[in-house]
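Architecture and fold: a report
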Amino acid sequence: MSMETWINSLMDTLGAPGAGIAVALENLFPPIPSEVILPLAGFAASSGRMNLLAALLWTTAGSVVGALALYGAGALFGRERVLAVAARLPLVKVADIERTEEWFARHGTKAVLLGRMVPIFRSLISVPAGVERMRLPVFLALTTLGSALWNTIFVLAGYLLGENWEEVTEYVSVYSTAVLLLALAAVACFVAVRVVRALRPGPGARRARR
């Protein structure tokens, strides 16, 4: 059974709540693509299989539930375990995590809000929010707002395009690929810098050679 067929079956059986369940699962399992679920829900609304407002409300509720689960996982894992894992990873230093914490303390609200509208990171951003114990009311408000904006754009696109809803996925796939390439480039740069620093002799070694 294809992903599209499964999502259609879920929405045919449960209506708008089915779309919400699919989106909640998408948050927990990013390979399930929101760019298929949301415009497909919009198409279902345009064909009378569900109410448009219900589709918007349920998909946003599904996003929040999925994000809360990941927030809880981050909070359960905790800062000390993150530091312990980081200390064992090659090329990663505890200072890196501490700098990330400082950055999140300054920019966490923007990261959570905008992160909900970036493929791949829209799910992952909930984990550091949980690790850093961002205040739950703030996290819920930002997640709801960001999810509502993202979901509304794609549900309405599917609603307006009707049977041509798949056109949405073509544009989003380009956007997702660009985001993934940027993320991979950033990781590659980080690794390259760390390897160069590890291979570079320290001041003591340079003096000894002289």
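I will try to describe carefully the structure that is included in this document. Remember, it's a predicted structure, so these values are computed and weren't measured experimentally.

Regarding the overall build of the chain
The helix and strand inventory of the chain stands at 10 helices and 0 strands. Reading the chain from its N end, one meets helices and strands in the order α-α-α-α-α-α-α-α-α-α. For the chain, with 210 residues in total, the buried portion stands at 39%. Long-range pairs, those at least 24 residues apart, make up 73% of the contacts in the chain between residues at least 6 apart in sequence.

A word on the pattern of salt bridges
In this structure the tally under the stated criterion is 1 salt bridge. Ionic pairing is found between Asp-12 and Arg-49, a salt bridge with its closest N-O pair at 2.9 Å. Here the residue Asp-12 occupies a position in helix H1 (residues 3-14), and Arg-49 occupies one in the loop between helix H3 (34-46) and helix H4 (52-88), the gap between them amounting to 37 residues. Asp-12 gets classed as exposed once you look at its relative accessible area, which sits at 55%. Judged by its relative accessible area of 33%, Arg-49 falls in the partly exposed class.

Examining a nonpolar patch on the surface
A cluster of nonpolar side chains, Leu-156, Tyr-159 and Leu-160, forms an exposed patch at the surface whose accessible area comes to about 300 Å². Inspection of the secondary structure puts Leu-160 in helix H8 (residues 136-161). On the accessibility criterion, Leu-160 (71% relative accessible area) is exposed.

Here's the deal with the packing of H3 against H8
Running from amino to carboxyl end, H3 crosses H8 at an angle of 50°, the nearest separation of the two axes being 6 Å. Comparing the axis directions of H3 and H8 gives the class oblique. For the crossing formed where H3 meets H8, the hand is right-handed. Within the contact between the two elements, H3 uses Ser-34, Leu-38, Pro-39, Gly-42, Phe-43, Ala-45 and Ser-46 and H8 uses Trp-150, Asn-151, Phe-154, Val-155, Gly-158 and Tyr-159.

Quick word on the nonpolar core
Core analysis: the biggest nonpolar cluster contains 22 residues, and Ile-7, Met-11, Leu-38, Leu-40 and Met-50 have the highest contact counts within it. Elements with a minimum of two residues in this core: H1, helix H2 (16-28), H3, H4 and H8. In terms of residue count, H3 provides more of this core than any other element does, 8 residues in total. Beyond its immediate chain neighbours, meaning those up to four positions away, Leu-40 contacts Glu-4, Ile-7, Asn-8, Met-11 and Trp-165. Ala-67, Ile-125, Ala-129 and Leu-142 belong to the second-largest nonpolar core, a separate cluster that totals 10 residues.

What about the packing of aromatic side chains?
With the rule as written, the count across this model stands at 2 aromatic pairs. Plain terms: the ring middles of Tyr-71 and Phe-139 are 4.6 Å apart, the flat faces sit at 35° to each other, and that makes the pair tilted. Here Tyr-71 is found in helix H4, whereas its partner Phe-139 is found in helix H8, with 68 residues between them in sequence. A residue is classified by how much of its surface remains accessible, and Phe-139, at 1% relative accessible area, is buried. An angle of 50° between the planes, with centres 4.6 Å apart, marks the rings of Trp-150 and Phe-154 as tilted. Within this pair, Trp-150 and its partner Phe-154 are both found in helix H8, separated by 4 residues, close to a single helical turn. Neither residue differs from the other here; Trp-150 and Phe-154 are each classed as buried.

Description of the side chain of Thr-143
Its place among the elements puts Thr-143 in helix H8. Each residue touching Thr-143, except ones within four places of it in the same chain, is listed here: Val-64, Ala-67, Val-112 and Arg-116.

Conventions used here
- Residues numbered from 1 in each chain as written.
- Predicted model: local features only at pLDDT ≥ 70, side-chain atom pairs only at ≥ 80, totals over all residues.
- Heavy atoms only, no water.
- Helix = DSSP H or I, 4+ residues; strand = E, 2+ residues; numbered from the N terminus.
- Buried < 20%, exposed > 50% of the residue type's maximum accessible area, 1.4 Å probe, protein only.
- Contact = heavy atoms within 4.5 Å.
- Salt bridge = Lys/Arg side-chain N within 4 Å of Asp/Glu carboxyl O.
- Patch = residues over 30% accessible without salt bridge, like charges linked within 9 Å, V, L, I, M, F, W, Y side chains within 5 Å.
- Areas by Shrake-Rupley, 256 points an atom, 1.4 Å probe, with all protein chains shown as cover.
- Axes fitted to C-alpha atoms, helices over the stretch in contact; angles between N-to-C directions.
- Parallel < 35°, antiparallel > 145°, perpendicular 65-115°, else oblique.
- Left-handed = near helix turned anticlockwise from the far one by under 90°.
- Core = buried A, V, L, I, M, F, W, Y, C linked by side-chain atoms within 4.5 Å.
- Phe/Tyr/Trp six-rings, centres within 6.5 Å; stacked < 30°, edge-to-face > 60°.

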